[in-house]
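What follows is each chain in one-letter form.
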2 protein chains.
Amino acid sequence: MYGWKKKLLRVDLSTGTTLVEEIDENILHQYLGGRGLGTYLVYTEVSPDSDPLGPENILAFCTGSLTGVRVPTGGRSSMSTLSPLTGTIFDANAGSQFGVRLHWAGYDALVITGQASSPVWLDVTAEGAKIHSADHLWGQEIPETVGQLKSKGSAVVSIGPAGENQVLFASIADENGRSYGRGGVGAVMGSKNLKAIVAHGKDKPEIANKDIYEFVTYEAGKMVNASPRTSQGLPEFGTAVLVNLMNWYGVLPTHNFQKGEFAAADKISGERLRDEFLTKRGACWSCPIGCKRNTKTSKESGEGPEYETIYALGSSLGIDDFETIIEANYLCNRLGMDTISCGATIACAMELAQRDLLDTELAFGRVDLLLQTIIDIANRQNIGGELAVGSKRLAEKYQAPEIAMQVKGLEFPAYDPRGMQGQGLLYATSNRGACHLRGNMLGPELLGAPKMLDRHAPSGKAGILIVMQHTNAVIDSIGMCKFVNFAIGDDFFARLMTSITGVKYEVQDLQLAGERIWNLERLYNLRAGFSSLDDTLPPRFLELPLEEGGSAGYVVHLDEMLVEYYRFRGWDSEGVPTERKLSALGLEELGAQFMEERSHA
Amino acid sequence: MYGWKKKLLRVDLSTGTTLVEEIDENILHQYLGGRGLGTYLVYTEVSPDSDPLGPENILAFCTGSLTGVRVPTGGRSSMSTLSPLTGTIFDANAGSQFGVRLHWAGYDALVITGQASSPVWLDVTAEGAKIHSADHLWGQEIPETVGQLKSKGSAVVSIGPAGENQVLFASIADENGRSYGRGGVGAVMGSKNLKAIVAHGKDKPEIANKDIYEFVTYEAGKMVNASPRTSQGLPEFGTAVLVNLMNWYGVLPTHNFQKGEFAAADKISGERLRDEFLTKRGACWSCPIGCKRNTKTSKESGEGPEYETIYALGSSLGIDDFETIIEANYLCNRLGMDTISCGATIACAMELAQRDLLDTELAFGRVDLLLQTIIDIANRQNIGGELAVGSKRLAEKYQAPEIAMQVKGLEFPAYDPRGMQGQGLLYATSNRGACHLRGNMLGPELLGAPKMLDRHAPSGKAGILIVMQHTNAVIDSIGMCKFVNFAIGDDFFARLMTSITGVKYEVQDLQLAGERIWNLERLYNLRAGFSSLDDTLPPRFLELPLEEGGSAGYVVHLDEMLVEYYRFRGWDSEGVPTERKLSALGLEELGAQFMEERSHA
């Protein structure tokens, strides 16, 4: 029953061969699917010294056991690769129907290797994959391509011009902007000359124990409908509900994290989004929460923006013209770019200019330049050519690496860690770089979910962060959305997995799988040359307190937390998993490879 | 609006004077009410070197702002004193209607001092208190006394023979066995020659903001009805739902904690309780959960037993005759004794006998002696005379202190800490001794509420335990039940308090109040002569792994956790709050007294 059909569809674009393999049931059990399975595939198939944009890198679309199953938020799937932006192992996660259809086609994973000699698109059905020429699609924006390829019973993801031009933060998305967003996964797809993938699927996964599945799903639905965050906050305002709240706490990044308070926060808030731009609420497949926004400006309509986008293309740039922010979001979606890294890289350029290190018109508040800059980045033209490589490379080029708000090359999301100690630790330790989706401390540090902690205390954060990192790895792997975790917890995930797969899962089994995934990601990054030196934050967070707002006066006490974090993880003082820990996780064999490389180094 | 009428009713039984005082609003704000207010009163009014059974000790019944307010589980109240069992500051908490009526009579606190020269009972109304002779009630069991004193619109609590005889674990209870149960609060009442208290009250507390109160209450109700533990587990099985589960985890204390697994657990389980003995579910005032059991054996009927009682009078004594356990519970309720300490002290005697240290017929499994032993204890006769002082004094007398399963003199509840590292830290650090109600790690370590942690890992436990200790102090102080915390969290407590009192509470305000209460309790105990040496566990938990069951092979790694715990608390390495911490909590003034005593020592 496990993993339904336990099938992996492999496509080599260099040779044009496709192949359906069976996946070892034990691997599915140990890594769950989704992000976990993708991690295992990248770890075992992509050498860490590979060129992320070369044919040897893989794109591994992976579904979870719950992807496409009628459970609350059971519509998510994952995409793993070696990131060209960060050089780390990377997975991006989306609520696109593409994952649902892929799973309904019978696949736990679609693994793409090689490089086509000219643009192609891929047609995936239960029978396998076919490769078609995409010469006529190349150059198109995402909705245009999707519109041409989509038919009844299928879902499509595509790259836009940004992916084609291998912008290092290009995304892969569907027509609604549901994106495998971060880390430049779209550039990897572009490097393979792969424009789009169509998945035709109609066979719903089998359920091992229908009675229990139905009861637990009913219970989970009740919880979602009762919990204020999933039944009121998110449906009513979307993620933009956070703008005013984060601003009040003084952690809304402004002017590239030079401030934590944005005077015009009200103008770009979730409340204003609802009152002036919302046309309809939207939801991913099988999601009762519905945080998506269908919106409209005076010129166009589309989906979004999310809170993270409002920060990246708004407050961080000193821009309070909400209409333009919304249109910039539409534009990024159409061109296929991660709005966070895109905005944060523009913010970096603006601060470089502020400090007279870069000669550009870009400056905080220059809303008039925003849309054209985004177009320039996607096309790698004018100043966009410089920005298309992300903030880290940009700032390094101008000898000011401290101006790039990034960890391991990934740009920051919308929470200044100076007002959230645990969030600082999260950013520093996340395997894919500065990320809020690997154990977001927003819940415990600001919302009180699942438990309120003192946001300014470094003490005691490592312990809770680690279990949250594992839970997030689990959610990414089974195919659900992190927002459902506001209403249901680990016990529900275990009961759902048990009833659907027929394999008995206790909560601790899932936590252990999460820890296994986390450690395997860590091992990969260590093999790729990362070390504890990379578990850090840009200097301003460590040395320079915010001057104003609800978090004024604080810096992140990272060293203190990091010592605890390594120890609690069973890693040595250099952040390397001990043999004992690897053995406890059943990673002896995969770890042996690492240990050997390490002893030669 | 705060604290409604902000009134304290003071009764001096030595002089017969009664007095109504106004409570400083600032004190209510800092200590919330209930346990917090009681802590403040004991701290400021009872010298730690007082005789707990002398006239100088106080009995402080305190209500919270939510006691008697129609919110889910808004029916709890607290009783603070210097405990004769532990010598620590102590508060006991009950879901008795007595607290509701006391609050409706207009009092945040009823403080009783002195000692009557002959038995009395107390009649409390909105107008004040009247003292009546209780000569005719002395010697009666609790239901009999309550029956005689109760009238429409009133609620009564009383002591039984155990309290009269100053059994060191005597309780104060109402006719249903809703008890201010632990720490010998009944002995304190007995020492004052106070048999019973009647509270007449009918004025519901005023609500500061009715609209918000009604909305938040509605939301809270939805959460309780949706959450599986509060809508299914507890209503269906009562707390006895835990018997089989704890046994499966190997933490069900058996034979005085010599084992963690009881072969006959099924025979004393919540499932069997429901199937064979339950007549009706019961609930405390305004409680939608309803974990109370109305039960019936072939001989009699009553309330209970709770899970803790089933362990103490069952598995820990090697007794699997459920009918007798249930009747033993009725008996303890009628005689007025804490079932946990009563059973645990008998278990201690049984182990002393097993090791040939005590000459008694008592032995594990001797169900035939159980009921008579309980009667003997309450009357301090035969072997009961030896047992009436609790396990610590008993074991010390026979030169085997390590056989007493207690911390700071309070007997253990029903979770073997060798299978729950954080629970071990909780027991060691709780200000009232080995207690599960001060931050129970059952949730995070076994149930996954609010978040599942690895129960065998000492790492990372101190941080989460500390915030749970604070939350529990808050719940005890505002007048709610800890079980509601399975469904609603800190944010709800803050919103309810805000809407009801009219004083704006953020979650962090409540956490800070919880921390203030915790530290003031700690200061009191330090003044009473306790030190970090008392933050420990009986040696078997630290040295002797369980041999069988789901937790076999583990001991508690207390030292490691304790270092972290002190540091995270802002205490020095000897467990003494630093001046900086006291200052952050606004405890400079009260702390100064302690600091001065300390410098003289």
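Cut-off values and rules
In every chain, residue numbers begin from 1 and rise along the written sequence. Chains carry letters from A onward and ligands carry numbers from 1 onward, assigned in written order. With pLDDT at 70 or above as the cut-off, local features in this predicted model cover only qualifying residues; side-chain atom pairs require 80 or more to be listed or tallied, and sums for whole chains, interfaces and linings still use all residues. As a rule here, side-chain values come from all non-hydrogen atoms in the structure, and water together with hydrogens is ignored. Numbering of helices and strands starts at the N terminus; helices are DSSP runs of H or I of at least 4 residues and strands are runs of E of at least 2. The globule rule used for comparison is 2.2 Å times the number of residues to the exponent 0.38, while the radius of gyration itself is calculated over C-alpha atoms. Burial classification: accessible surface area is computed with a 1.4 Å probe over protein chains only, and a residue below 20% of its type maximum counts as buried, one above 50% as exposed, and the rest as partly exposed. Note on contacts: a residue pair qualifies if any of its non-hydrogen atoms lie within 4.5 Å across the two residues. Here, Shrake-Rupley sampling with a 1.4 Å probe gives the accessible areas, and only protein chains in the shown set may cover a residue. Alignment of the copies relies on least squares applied to C-alpha atoms, considering only residues that score at least 70 for pLDDT in both. Once two parts are brought into contact, the accessible area they lose, counted with a 1.4 Å probe and summed over both, makes up the buried area. Definition used for salt bridges: Asp or Glu carboxyl oxygen within 4 Å of a side-chain nitrogen of Lys or Arg. Side-chain atoms alone can form a polar contact between residues adjacent in sequence; in general such a contact is a pair of N or O atoms within 3.5 Å, and within protein one must be able to donate a hydrogen while the other accepts it. Gly falls in the polar group here, along with every residue not listed as nonpolar (Ala, Val, Leu, Ile, Met, Phe, Trp, Tyr, Cys, Pro) or charged (Asp, Glu, Lys, Arg). Note on scores: pLDDT gives the predictor's confidence for each residue, bounded by 0 and 100. Only when DSSP finds a minimum of two bridges between them are two strands counted as paired. Angles shown run from 0 to 180 degrees and are taken between the N-to-C directions of axes, each axis being a line fitted to C-alpha atoms and, for helices, limited to the stretch in contact. Here the limits of each domain have been adopted from an automatic or database domain assignment. Roughly parallel means an angle under 35 degrees; roughly antiparallel, over 145; roughly perpendicular, 65 to 115; everything else is oblique. Only Phe, Tyr and Trp rings take part, Trp by its six-membered ring, and two of them pair if their centres are within 6.5 Å. Stacked means planes under 30 degrees apart, edge-to-face means over 60, and tilted covers everything else. Whether a charge sits over a ring depends on NZ of Lys or CZ of Arg being within 6 Å of the ring centre and within 35 degrees of the ring normal. Helix crossings get a hand from a simple test, with the near helix turned counterclockwise from the far one by less than a right angle marking a left-handed crossing and a clockwise turn marking a right-handed one.

(A) Layout of the overall build of chain A. The helix and strand tally for chain A stands at 25 helices and 17 strands. Computed over the C-alpha atoms, the radius of gyration of chain A is 22 Å, within 12% of the 25 Å expected from 2.2 N^0.38 for a compact globule of 601 residues. Per-residue burial for chain A yields a buried fraction of 67% across its 601 residues. For chain A, restricting intrachain contacts to residue pairs at least 6 apart in sequence, the fraction spanning at least 24 positions comes to 69%. Total accessible area on chain A stands at roughly 19,000 Å², and carbon and sulfur atoms take up 48% of it.

(B) Quick peek at the side chain of B:Lys581. All names here are of chain B. As for its position among the elements, Lys581 is in helix α24 (residues 579-584). Judged by its relative accessible area of 18%, Lys581 falls in the buried class. Each residue touching Lys581, except ones within four places of it in the same chain, is listed here: Glu515, Asn519, Arg569 and Gly570.

(C) Just the relation of the copies chain A and chain B, in detail. When chain A is fitted to chain B, the residual RMSD is 0.0 Å, and the transformation amounts to a turn of 180 degrees plus an axial shift of 0.0 Å. One copy is carried onto the other by what is essentially a two-fold rotation axis. Taking the C-alpha atom as reference, chain A places A:Pro450 closest to the rotation axis, 2.7 Å from it.

(D) Examining the interface of chain A and chain B more closely. Taken together, the contacts link 36 residues of chain A with 38 residues of chain B. For the pairing of chain A and chain B, the buried interface totals around 2,900 Å² over both sides, and the portion due to carbon and sulfur atoms is 58%. Remark: the boundary between chain A and chain B carries 6 salt bridges. Ionic pairing is found between A:Asp491 and B:Arg229, a salt bridge with its closest N-O pair at 3.3 Å. Where chain A meets chain B, there are 14 residue pairs in polar contact (both at pLDDT 80 or more). Among the residues making up the side of chain A that touches chain B, the classes are represented as 14 nonpolar, 10 polar and 12 charged.

(E) Representation of the confidence of the model for chain A within the structure. Here chain A averages 97 in pLDDT, and 99% of its residues register 70 or above. Here the predicted complex carries an ipTM of 0.90, next to a pTM of 0.94.

(F) Quick look at the sheet that holds strand β3 (residues 59-63) of chain A. Residues and elements named next belong to chain A. Strand order in the open sheet formed by 6 strands is β2-β1-β6-β3-β4-β5, with mixed pairing between adjacent strands. Where the open sheet ends on each side, the last strands, each with one partner, are β2 (17-22) and β5 (89-94). For this sheet, the mean inter-axis angle between neighbouring strands, taken without regard to orientation, is 15 degrees. Relative to β5, strand β4 (residues 77-82) is paired through 6 bridges, and the arrangement is antiparallel. By the bridge assignment for β5, Met79 is matched with Ala92. The sheet strands contacting helix α3 (residues 97-104) are β3, β4 and β6 (109-113), and the helix crosses β3 at an angle near 75 degrees.

(G) Quick look at helix α3 (residues 97-104) of chain B. All names here are of chain B. Counting buried positions over the 8 residues of α3 gives 7, a clear majority of the element. The set of residues buried in α3 consists of Phe98, Gly99, Val100, Arg101, Leu102, His103 and Trp104. Backbone geometry just downstream of α3 places Gly106 in the positive-phi region, at approximately 105 degrees.

(H) Region of interest: the sheet that holds strand β6 (residues 109-113) of chain B. All names here are of chain B. A sheet is described by the order of its strands in space; here 6 strands give the open sequence β2-β1-β6-β3-β4-β5, paired in mixed fashion. In this open sheet, the two strands that pair with only one neighbour each are β2 (17-22) and β5 (89-94). Between one strand and the next, the sheet's axes are offset by a mean angle of 15 degrees, whatever the strand orientation. Together, β1 (7-12), β3 (59-63), β4 (77-82), β5 and β6 form the strand contacts of helix α2 (residues 34-45), whose direction differs from that of β4 by roughly 20 degrees. Across the sheet, α3 is in contact with β3, β4 and β6; its angle to β3 comes to roughly 75 degrees.

(I) Just the pairing of strand β8 (residues 128-133) of chain A, in detail. All names here are of chain A. Examined bridge by bridge, strand β7 (residues 120-125) and β8 share 6 bridges and lie antiparallel to one another. When the sheet's bridge partners are listed, Val120 is paired in β8 with Ser133. Taking the residues that link successive antiparallel strands as the turn, the β7-β8 hairpin has 2 residues.

(J) Fine view of the domain arrangement of chain A. Residues and elements named next belong to chain A. Examined at the domain level, chain A breaks down into domain 1 (7-200), domain 2 (235-411) and domain 3 (417-600). Placing the centre of domain 2 and that of domain 3 at their C-alpha centroids yields a distance of 26 Å. Across the contact, 29 residues belong to domain 2 and 33 residues belong to domain 3. Of the roughly 2,100 Å² buried at the junction of domain 2 and domain 3 (both faces included), carbon and sulfur atoms supply 66%. A per-residue breakdown of the area domain 2 buries against domain 3 is headed by Tyr249, Val407 and Lys408, which together make up 32% of the total. Across the contact surface, domain 2 and domain 3 share 2 salt bridges. Put simply, domain 2 and domain 3 have 11 residue pairs in polar contact (both at pLDDT 80 or more) between them. Among the elements of the structure, α9 (242-249), α13 (339-354), β16 (406-407) and β17 (410-411) are those that each provide at least two residues to the side of domain 2 that touches domain 3. Looking at the side of domain 2 that touches domain 3, the element that brings in the most residues is α9, giving 5 residues. Residue composition of the side of domain 2 that touches domain 3, by class: 15 nonpolar, 6 polar and 8 charged.

(K) Up close: the packing of helix α10 (residues 270-277) of chain B against helix α12 (residues 322-335) of chain B. Residue and element names in this part refer to chain B. Running from N to C, α10 and α12 cross one another at 85 degrees; their axes reach a closest spacing of 12 Å. In terms of axis orientation, α10 runs roughly perpendicular to α12. Here Arg272, Leu273 and Phe277 of α10 come into contact with α12, specifically with Phe322, Glu323 and Ile326. Tallied by class, residues from the contact of α10 with α12 come to 4 nonpolar, no polar and 2 charged.

(L) Looking closely at the side chain of B:Ser50. The topology assignment puts B:Ser50 in the loop between α2 and β3. From its side chain, B:Ser50 meets the backbone oxygen of B:Ser47 in a polar contact 2.5 Å long.

(M) Structural detail: the packing of aromatic side chains. For the structure shown, the criterion picks out 36 aromatic pairs over all chains. Taking the centre distance of 5.5 Å and the plane angle of 85 degrees together, the rings of A:Phe61 and A:Tyr180 count as edge-to-face. On the criterion of sequence distance, the pair formed by A:Phe61 in strand β3 and A:Tyr180 in strand β11 (residues 179-180) is long-range, its members being 119 residues apart. A ring pair is formed by B:Tyr307 and B:Tyr415, whose centres lie 5.6 Å apart and whose planes are at 55 degrees; its orientation type is tilted. On the criterion of sequence distance, the pair formed by B:Tyr307 in helix α11 (residues 307-313) and B:Tyr415 in the loop between β17 (410-411) and α17 (421-429) is long-range, its members being 108 residues apart. Since its relative accessible area comes to 1%, B:Tyr307 is described here as buried. Joined through ring pairs, the aromatic side chains of A:Phe257, A:Tyr311, A:Phe412, A:Tyr427 and A:Phe541 make up one cluster. Above the ring of B:Trp104, the side-chain terminus of B:Lys204 is found at 4.8 Å from the ring centroid.

(N) Structural detail: the packing of helix α7 (residues 210-226) of chain B against helix α20 (residues 490-501) of chain B. All names here are of chain B. As a packed pair, α7 and α20 sit with axes 9 Å apart at the nearest point and diverge in direction by 150 degrees. It follows from the interaxial angle that α7 and α20 lie roughly antiparallel. Note that α7 runs across α20; the crossing there is left-handed. Along its contact with α7, which presents Ile212, Tyr213, Phe215, Val216, Thr217, Glu219, Ala220 and Met223, the element α20 presents Phe492, Arg495, Leu496, Ser499 and Ile500. Classifying every residue of the contact of α7 with α20 gives 9 nonpolar, 2 polar and 2 charged.

(O) Main features of the pattern of salt bridges. On inspection of all chains with the given rule, the structure shows 78 salt bridges over all chains. Here A:Arg366 and A:Glu361 are joined by a salt bridge, their closest N and O atoms 3.9 Å apart. For B:Glu564, the salt bridge identified is with A:Arg567, shortest N-O distance 3.1 Å. On the criterion of chain membership, the pair formed by B:Glu564 in helix α23 (residues 558-569) and A:Arg567 in helix α23 (residues 558-569) is interchain, its members lying in two chains. In the salt-bridge network here, residues are joined through shared partners; they are A:Arg35, A:Asp91, A:Arg438, A:Asp476, A:Lys482 and A:Glu521.

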